[in-house]
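Next come the chains, spelled out residue by residue.
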Amino acid sequence: MEKEGLANILQLSHELSNENRFEQLLHKIVSVCLQHTEAERCLVLENQEGKLLIQAEGALNKETEVMQNTPVESRGRIKRTFILTEKLPLSVIDTVIKSKQALLIEDFSAYSDEQYIDNFKPHAAYCFPVAYQGQLSAIIYLENATPGTTFSLATLEFLSIISGQIAISLKNSDELQKHERKLTDLEEELLHQRGKVQEFQHNVKLLGEIGQDVAGHRSIEHIIASVYQNVNTLMDATLFSIGIYKPEENVIEMPATIEKDQVLPSHSYDVEKDNTLAVWCFKNGKEVFINDFRNEFRKYLPGQEIPSPKVGEIPDSIIYLPIYVHDEVIGVITVQSFRKYAYSEYHLNILQNLAIYVAIALENANAYQDLENSRKEVSNQNTLIEKSSKALAEQK
């Protein structure tokens, strides 16, 4: 090869090596092939995980189109997609894939049954594979439709040499894309995690506000109503309820279950007789966590048919938690949804925090009630003393 030709190849190789962006690289490959060979038309086919995609198509005096991602059917080792006959001769591509060698065609009589040849009647074509470390990266198809033209030996030698740089540039571009995608994924994950942190901080603040609000109520009904109004901002609590254990009756009393904004009739579960999730949670002192009720409830109630609720509808997702006061279970708290897989460990954690606030509120309510009862008793006793004193005074 002449010194001028070698210098030209080195210059073109340098230009290709500087194109790291896939789209710009495709433009450069087409430009090199059209400006430095006899080709009047050029297509670049990328091998993307075993599937050929037309990524660039250019012609003399015509703007190059890139990033087409047009699938190509091949009957060779490349995965089939759909028949494409208006772009290039598929049998030529098949031959190059199977042989892994470049193919020069100056007589298309052997491809007379190819629809593309009948339609466009090319006069010469050169198709060659671009491989990186033995793996097919791309196939480049060059074509000339001018009668009497072909591809010279100098052109074939030029393409043989430059194809190595094309393979390296395609590999570098692919690696850059992968790193950029990974960086984008990391940035998106960072934003996602930052959003989760902000959501967590917001929910912690809201939980504290709920706790303060709940602590101010003196009845279980008001506590339930207060939590229900707020808990739905944290999770799907279409049904919310609190059950209080009544030892004298050995039942879990559910005084004010709220479902779909409606207060359901008061009801209770017999701790000895009723085989329900509320009773299981209370007796075992453990959580019930269900995201597909019909398929999961037997983990807690083995051998039982689908239980019907005493009030309301059958939910799909359920969490029950025991309410502890001084290491003693005094009741249960539950959220329920009519969607499958409504809850995660995150929601379970939120409800665990709510259960603590509810326990404090219930203890305060009981203490307040005890105080009120004591005051009434003292008041009654004072009244009796006053009456006795008055009666004695009258007797004197």
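One structure accompanies this document, and this report is about it.

What about unusual backbone geometry?
Link 1 in the chain: One non-glycine residue with positive phi stands out, namely Asn61, at about 60°.
Link 2 in the chain: Positionally, Asn61 belongs in the loop between strand S2 (51-59) and strand S3 (62-71).
Link 3 in the chain: For Asn61, a relative accessible area of 87% puts it in the exposed group.
Link 4 in the chain: Phi at Lys100 is positive, roughly 60°, even though this residue is not glycine.
Link 5 in the chain: Turning to its location among the elements, Lys100 is positioned in the loop between helix H3 (90-99) and strand S4 (103-105).
Link 6 in the chain: Lys100 gets classed as exposed once you look at its relative accessible area, which sits at 56%.

What about H3?
Link 1 in the chain: Burial analysis of H3 places seven of its 10 residues in the buried class, the great majority of the element.
Link 2 in the chain: Packing partners of the buried residues in H3 comprise strand S1 (41-48), S2, S4, strand S5 (124-132) and strand S6 (135-144).
Link 3 in the chain: Where H3 terminates, the next one or two residues include Lys100, which has phi positive at roughly 60°.

Details of the environment of Ala125
Link 1 in the chain: Tracing the sequence through the fold places Ala125 in strand S5.
Link 2 in the chain: Note on Ala125: relative accessible area 1%, which makes it buried.
Link 3 in the chain: When near neighbours in sequence (up to four residues on either side) are disregarded, Ala125 contacts Leu103, Leu104, Ile105, Phe108, Tyr141, Leu142, Glu143 and Phe151.

Remarks on the nonpolar core
Link 1 in the chain: Of all hydrophobic cores here, the largest spans 55 residues; its most connected members are Phe240, Ile242, Leu277, Ile333 and Val335.
Link 2 in the chain: Sorting elements by how many residues they give to this core places helix H9 (residues 345-395) first, with nine residues.
Link 3 in the chain: Every residue in contact with Ile333, bar those within four places of it in the chain, is listed here: Phe240, Ser241, Ile242, Ile319, Tyr320, Leu321, Ile323, Leu351, Ala355 and Val358.
Link 4 in the chain: Formed by 31 residues, the second largest nonpolar core is a distinct cluster that contains Leu26, Ala56, Ile140 and Ala167.

Observations concerning the packing of aromatic side chains
By convention here, two paired aromatic rings are described through the distance between centres and the angle between planes.
Link 1 in the chain: In total, this model carries six aromatic pairs according to the counting rule given.
Link 2 in the chain: Centre to centre, the rings of Tyr245 and Phe282 are 4.6 Å apart; their planes meet at 35°, and the pair counts as tilted. With Tyr245 in strand S7 (residues 239-246) and Phe282 in helix H7 (residues 277-284), this residue pair connects regions lying 37 residues apart in the sequence.
Link 3 in the chain: Owing to a relative accessible area of 23%, Tyr245 belongs among the partly exposed residues under this scheme.
Link 4 in the chain: By relative accessible area, Phe282 is classed as buried at 11%.
Link 5 in the chain: By the ring-pair criterion, three or more aromatic residues cluster together here, those being Tyr126, Phe128 and Phe151.
Link 6 in the chain: For the cation-ring pair, Lys260 lies above Phe338, with the distance from its terminal atom to the ring centre recorded as 4.8 Å.

Topic: the pattern of salt bridges
Link 1 in the chain: This model, assessed by the stated rule, comprises 12 salt bridges.
Link 2 in the chain: Measuring nitrogen to oxygen at the nearest pair gives 2.1 Å for the salt bridge that ties Arg21 to Glu180. Taken together, the residues Arg21 in the loop between helix H1 (3-17) and helix H2 (22-35) and Glu180 in helix H5 (residues 153-215) connect sequence positions 159 residues apart.
Link 3 in the chain: A residue is classified by how much of its surface remains accessible, and Arg21, at 44% relative accessible area, is partly exposed.
Link 4 in the chain: Look at Glu180 and you get partly exposed, because its relative accessible area is 30%.
Link 5 in the chain: The shortest N-O distance in the salt bridge between Asp316 and Arg294 comes to 3.4 Å. Here Asp316 is found in the loop between helix H8 (293-296) and strand S13 (317-325), whereas its partner Arg294 is found in helix H8, with 22 residues between them in sequence.
Link 6 in the chain: Taken together, the shared-partner salt bridges in this structure form one network comprising Lys171, Asp174, Glu175 and Lys178.

What counts and how
Numbers given to residues run from 1 along each chain, matching the order in which its sequence is written. In keeping with the predicted nature of the model, local features appear solely for residues at pLDDT of at least 70, side-chain atom pairs appear and are counted solely at 80 or more, and the whole-chain, interface and lining totals rest on all residues. With hydrogens and water stripped out, all remaining heavy atoms of the structure feed into the side-chain values. Secondary structure elements are defined from DSSP: runs of H or I of at least 4 residues count as helices, runs of E of at least 2 residues count as strands, and each element is numbered from the N terminus. Relative accessible area decides the class of each residue, using a 1.4 Å probe on protein chains only: under 20% of the type maximum gives buried, over 50% gives exposed, and in between gives partly exposed. By definition, residues are in contact when any of their heavy atoms lie within 4.5 Å. Side-chain atoms within 4.5 Å link the members of a nonpolar core, which is a set of buried Ala, Val, Leu, Ile, Met, Phe, Trp, Tyr and Cys residues. Pairing of aromatic rings covers Phe, Tyr and Trp, the last counted by its six-membered ring, and requires centre-to-centre distances within 6.5 Å; plane angles under 30 degrees mean stacked, over 60 mean edge-to-face, and any other angle means tilted. Counted as over-ring charges are cases with an Arg CZ or a Lys NZ within 6 Å of the ring centre that also lie within 35 degrees of the ring normal. In the sections that follow, a salt bridge refers to a side-chain nitrogen of Lys or Arg positioned within 4 Å of a carboxyl oxygen of Asp or Glu.

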